[in-house]
Amino acid sequence: MMQKDLAVAIDYSLWKKDHAPVLESMKGKKIFLLYSGGKDSSVSMHLLLKACKEFGFSFKAHAGAFPVERYTETQKDRLTGYWQEKGVDILWYDLGKDADWLDKAENPCASCQKVRREMLNRVLRSTVNDWSNLVLVVSYSLWDVVSYATEHLLAGVFSRSHGGISPEMEKRFMETSQRFYPFLSMKEGYSVFRPLVKYNGCDVLKTVEDESLPVIGVPCRFKDFRPKRILEKYYEKMGLRFEYDDVVSFARKTMNLRDSSAYTKMDKEDYLSSVF
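As the structure is a computational prediction, the values presented were derived from the model and not from experiment.

Peer 1: Please clarify how the packing of helix H5 (residues 108–127) against helix H12 (residues 268–275) should be interpreted in this entry.
Peer 2: Geometrically, a packed helix pair is captured by the angle between its two axes and the distance between the axes. Remark: H5 packs on H12, axes separated minimally by 9 Å, with the N-to-C direction vectors making an angle of 150°. When the axes of H5 and H12 are compared, the pair comes out roughly antiparallel. Together, Arg 117, Asn 121 and Leu 124 of H5 and Leu 272, Ser 273, Ser 274 and Val 275 of H12 make up the contact between the two elements. Class assignment of the residues belonging to the contact of H5 with H12 gives a composition of three nonpolar, three polar and one charged.

Peer 1: What should I look at first to understand helix H9 (residues 227–238) in this one?
Peer 2: Residues separated by three or four positions in an α-helix point in the same direction, a consequence of the helix having 3.6 residues per turn. End to end, H9 covers 17 Å across twelve residues, agreeing with the expected 16 Å (1.5 Å per residue, within 8%). For H9, the complete set of buried residues consists of Lys 228, Leu 231, Glu 232 and Tyr 235. End-on view of H9: buried residues confined to an arc of 115°, all on one side of the axis.

Peer 1: Would you mind going over the pattern of salt bridges with me for this structure?
Peer 2: Oppositely charged side chains can form a pair if their charged atoms are brought close together. For the coordinates displayed, the defined rule picks out 13 salt bridges. Here Glu 73 makes a salt bridge to Lys 76, at a shortest N to O gap of 3.1 Å. On the criterion of helical spacing, the pair formed by Glu 73 and Lys 76 is a turn pair, its members being three residues apart in helix H4 (residues 73–86). Overall, Glu 73 belongs to the exposed group, its relative accessible area being 52%. Judged by relative accessible area, which is 14%, Lys 76 ranks as buried.

Peer 1: I tried to follow the packing of aromatic side chains on my own but got confused; where do I start?
Peer 2: Where two aromatic rings form a pair, the distance of their centres and the angle of their planes describe that pair. Within this structure, the stated rule accounts for twelve aromatic pairs. Note on Tyr 235 and Phe 242: the rings are 5.2 Å apart at their centroids and 75° apart in plane angle, and the pair reads as edge-to-face. Here Tyr 235 falls in the buried class, since its relative accessible area comes to 3%. For Phe 242, a relative accessible area of 22% corresponds to the partly exposed category. In this structure an aromatic cluster arises from ring pairing among Trp 143, Tyr 234, Tyr 235 and Phe 242. Lying over the aromatic face of Tyr 12, Lys 50 brings its terminal NZ or CZ to 5.7 Å of the ring centre. Here Lys 268 stacks its cationic end above the ring of Trp 131, 5.1 Å away from the centre of that ring.

Peer 1: In this structure, what is going on with the nonpolar core? I would like to understand it.
Peer 2: The nonpolar side chains of soluble globular proteins are, as a tendency, buried together. If you look at the biggest cluster of nonpolar residues, it comprises 51 residues, and the most contacted ones within it are Leu 124, Tyr 190 and Tyr 271. When residues of this core are traced back to their parent elements, those giving at least two are H5, strand E4 (134–137), helix H6 (142–157), H9, helix H10 (244–254) and H12. Beyond its immediate stretch of four places on either side in the chain, Leu 124 contacts Phe 32, Trp 131, Leu 134, Leu 136 and Leu 272. Ranked by size, the runner-up nonpolar core spans 36 residues in total, among them Val 43, Leu 49, Phe 59 and Leu 196.

Peer 1: What is the right way to look at the environment of Val 115 in this model?
Peer 2: Within the fold, Val 115 resides in helix H5. Measuring from C-alpha to C-alpha, the distance between Val 115 and Ala 9 comes to 33 Å, with 106 residues separating the pair along the chain.

Peer 1: Explain the sheet that holds strand E5 (residues 183–185) to me, please; I cannot follow it from the model alone.
Peer 2: The pairing of strands in a sheet happens through backbone hydrogen bonds and is either parallel or antiparallel. Here we have six strands laid out as an open sheet, ordered E3-E2-E1-E4-E6-E5, and mixed in their pairing. Of all the strands in the sheet, just strand E3 (90–93) and E5 have a single pairing partner and so form its edges. Averaged over all neighbouring strand pairs, the angle between strand axes comes to 20°, with direction disregarded. Bridge count between E4 and strand E6 (residues 191–193): three bridges; the pairing is parallel.

Peer 1: Would you explain H12 in this entry?
Peer 2: Every buried residue of H12 is listed here: Lys 268, Tyr 271, Leu 272 and Val 275. The buried residues of H12 occupy an angular sector of 115° when the element is viewed end-on, so they sit on one face.

Peer 1: I keep staring at the pairing of E4 and nothing clicks. Help me out?
Peer 2: Working note: regular strand, side chains alternate between the two faces of the sheet. Alternating positions in E4 separate into two faces, Leu 134 and Leu 136 on one and Val 135 and Val 137 on the other, with burial throughout. Bridge count for strand E1 (residues 30–34) against E4 is four bridges, and the pairing is parallel. For Phe 32, the partnering residue across the bridge sits in E4 and is Leu 136.

Peer 1: Mind showing me how you'd approach the side chain of Lys 268 here?
Peer 2: Mapping Lys 268 onto the fold places it in helix H12. Of the residues examined, Lys 268 reaches a relative accessible area of 18% and is grouped as buried. Looking at Lys 268, its side chain comes within polar contact range of the side chain of Glu 269, at 3.4 Å. Beyond its immediate stretch of four places on either side in the chain, Lys 268 contacts Trp 131, Glu 188, Tyr 190 and Ser 273.

Thresholds applied
- Residues numbered from 1 in each chain as written.
- Predicted model: local features only at pLDDT ≥ 70, side-chain atom pairs only at ≥ 80, totals over all residues.
- Heavy atoms only, no water.
- Axes fitted to C-alpha atoms, helices over the stretch in contact; angles between N-to-C directions.
- Helix = DSSP H or I, 4+ residues; strand = E, 2+ residues; numbered from the N terminus.
- Parallel < 35°, antiparallel > 145°, perpendicular 65-115°, else oblique.
- Contact = heavy atoms within 4.5 Å.
- Nonpolar A, V, L, I, M, F, W, Y, C, P; charged D, E, K, R; others polar.
- Expected span 1.5 Å × (residues − 1).
- Buried < 20%, exposed > 50% of the residue type's maximum accessible area, 1.4 Å probe, protein only.
- Arc of directions from axis to C-beta.
- Salt bridge = Lys/Arg side-chain N within 4 Å of Asp/Glu carboxyl O.
- Phe/Tyr/Trp six-rings, centres within 6.5 Å; stacked < 30°, edge-to-face > 60°.
- Lys NZ or Arg CZ within 6 Å of the ring centre and 35° of its normal.
- Core = buried A, V, L, I, M, F, W, Y, C linked by side-chain atoms within 4.5 Å.
- Pairing = 2+ DSSP bridges.
- Polar contact = N/O pair within 3.5 Å; in protein donor to acceptor, adjacent residues only side chain to side chain.

Spelled out as structure tokens, the structure:
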């Protein structure tokens, strides 16, 4: 297992310095943090809570309670109570579906993500009046993007047929490669902020432990369908750490990582419904 001294809790002062231009621009914005109750979104909430007091902005957390078996009233009350005491409201959205049908889905994780994405789009359409004032905060870690790169190499580049990479893998990489970028300023004026993308997953977990942050207590029964969850176990066992700049440089040189402009110029309907 990974040695404890290899994991380092995220230092707020260093994180703040690295993201100062973004944080300074958030005053007066509508900050929409996507919250799952997992370790990544919990650490993002923790960091933003510190930053909002210093930089003079406020935010709300939005959570899709799906699959419903994970988000019991007990779990939601526990998480809501903790963050309300800290000064953050969590808006829980009942998606009105049970999860039994996911057992029959070819890819239950992709199906679940589709449900969540549709929910997000409904909420945004009904609540956002001024898109130029919106900041979407999404919590992906460096381990996530390393896993996306590994997935593309193994299932796309190394195993491709003579016809080239399959359209499905190309679509998948179009979706995942935009997550390499910490900040995207979209053409309609809204922006996408990923506060953890430069941090290894072990450091995110160490932050959860050191700060005693509450996380959802019911694990997803489909988590092993996601390649990145399988790869995370490997990183942990081997004690691996990655550097963000090295990962991005590799992806650009060997995997044709798209420039951020490939995403920032997209219409919001296309981006939010098929890529985000």
